[in-house]
Amino acid sequence: MAAAILALKTLSAIKEQARIARIGLHATRVAASAATVSAKAARESADTARATAELAETALHLTERADILIDGVTVSTSPAFTGDTVFRIVFKNFGRTRGNRVEISSRLLFVPEIKLIVEDNRPKILAAVLGAGKTLTSAFQFMRECLTEETFERIAQGELVLRFEAEVLYFDVFDKRHHTKCSGTFMPEACGFRVDANQEAD
């Protein structure tokens, strides 16, 4: 009889130990699941922080960078178009910080022949720095030096369309490269240029 009682007590103890083990296993599983959720949340938080930092950097580059575009094209003899006329393309830094290593190339041509009249062959590095709000000018030679009398008359009468094309390469303060393309058409009746394109090409 005593042996049977001892056996029952032993069985009861074993069952209790098994119950406690199951509770422990469940707690372990809950803790593991919580750790997994916590790790996932940490990864998502890190990804969000990285994306926010990248967005802030992009916004900083867009708002604080140099932005060099054409400000206008002047005609030295306006309102007359003569052999002494000199066209000057004026570039301006519309950005809030300086542009570095500024390079400008420009040329005149006429259509419909699409014939090159003159190209600015001077050294292309025209300014080491172009400060915020500052301008830089690229000038062509006198018209009498690059046009025949017949071509000049045809342009003046609107039979040939005179155009300019220009490009600007520069680096901003973040050392990012930018490339602006611009062009315009000479309007003889107004003795001025209509700018057709003036935008970043990158």
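Above this text you will find the structure in question.
Quick caveat, the model's predicted, so the values are computed rather than measured. (Residues numbered from 1 in each chain as written. Predicted model: local features only at pLDDT ≥ 70, side-chain atom pairs only at ≥ 80, totals over all residues. Heavy atoms only, no water.)

(A) Main features of helix H3 (residues 149-156). Turning to H3, its buried residues number three or more, namely Thr151, Phe152 and Ile155. Down the axis of H3, the buried set is contained in an arc of 100°. They therefore lie on one face. Seen from the open side of H3, the exposed residues pointing more than 90 degrees away from its buried face are Glu149 and Glu150. In the stretch just after H3, Gly158 is the one whose phi turns positive, near 85°. (Buried < 20%, exposed > 50% of the residue type's maximum accessible area, 1.4 Å probe, protein only. Helix = DSSP H or I, 4+ residues; strand = E, 2+ residues; numbered from the N terminus. Arc of directions from axis to C-beta.)

(B) Spotlight on the pattern of salt bridges. All told, the structure shown has 8 salt bridges when counted by the stated rule. A salt bridge links Asp175 to Arg101; the nearest nitrogen and oxygen atoms lie 3.6 Å apart. Taken together, the residues Asp175 in the loop between strand E7 (161-171) and strand E8 (177-187) and Arg101 in strand E3 (residues 99-111) connect sequence positions 74 residues apart. Taking relative accessible area as the criterion, Arg101 reaches 43% and is therefore assigned partly exposed. With its nearest N and O atoms 3.5 Å apart, the salt bridge here joins Glu159 to Arg154. One connected set of salt bridges, linked through shared partners, spans Arg163, Arg194 and Asp196. (Salt bridge = Lys/Arg side-chain N within 4 Å of Asp/Glu carboxyl O.)

(C) Expanded view of the environment of Phe152. Within the secondary structure, Phe152 sits in helix H3. By relative accessible area, Phe152 is classed as buried at 14%. With sequence-adjacent residues up to four places away left out, Phe152 is seen in contact with Phe81, Thr82, Gly83 and Leu147. (Contact = heavy atoms within 4.5 Å.)

(D) Geometry of unusual backbone geometry. Look at the link from Ser78 to Pro79: it is a cis peptide, with omega at 15°. Tracing the backbone shows Pro79 in the loop between strand E1 (68-75) and strand E2 (87-93). The phi torsion at Cys191 lies on the positive side, around 50°, for a residue other than glycine. Summarising the element assignment, Cys191 is placed in the loop between E8 and strand E9 (192-200). The exposure class of Cys191 is buried, given its relative accessible area of 4%.

(E) Region of interest: the packing of aromatic side chains. Scanning the entire structure with this criterion turns up 7 aromatic pairs. Taking the centre distance of 5.4 Å and the plane angle of 50° together, the rings of Phe87 and Phe186 count as tilted. Here Phe87, found in strand E2, pairs with Phe186, found in strand E8; they are 99 residues apart in sequence, far enough to count as distant. Accessibility assignment for this pair places Phe87 and Phe186 in one class, buried. Connected via pairs of aromatic rings, a cluster forms that spans Phe81, Phe87, Phe152, Phe164, Phe186 and Phe193. Taking NZ or CZ as reference, Arg101 lies 3.8 Å from the ring centre of Phe171, over its face. The side chain of Arg144 reaches across the aromatic face of Phe142, ending 4.6 Å from its centre. (Phe/Tyr/Trp six-rings, centres within 6.5 Å; stacked < 30°, edge-to-face > 60°. Lys NZ or Arg CZ within 6 Å of the ring centre and 35° of its normal.)

(F) Here's a closer look at the side chain of Thr151. Checked against the element boundaries, Thr151 lands in helix H3. Looking at Thr151, the relative accessible area reads 15%, which means it is buried. Leaving out residues up to four positions away in the same chain, Thr151 has contacts with Phe110 and Leu160.

(G) Quick peek at the side chain of Ser183. Residue placement: Ser183 occurs in strand E8. Not counting the four nearest positions on each side in its chain, Ser183 is found in contact with Arg163, Phe164, Glu165, Arg194, Val195, Asp196 and Ala197.

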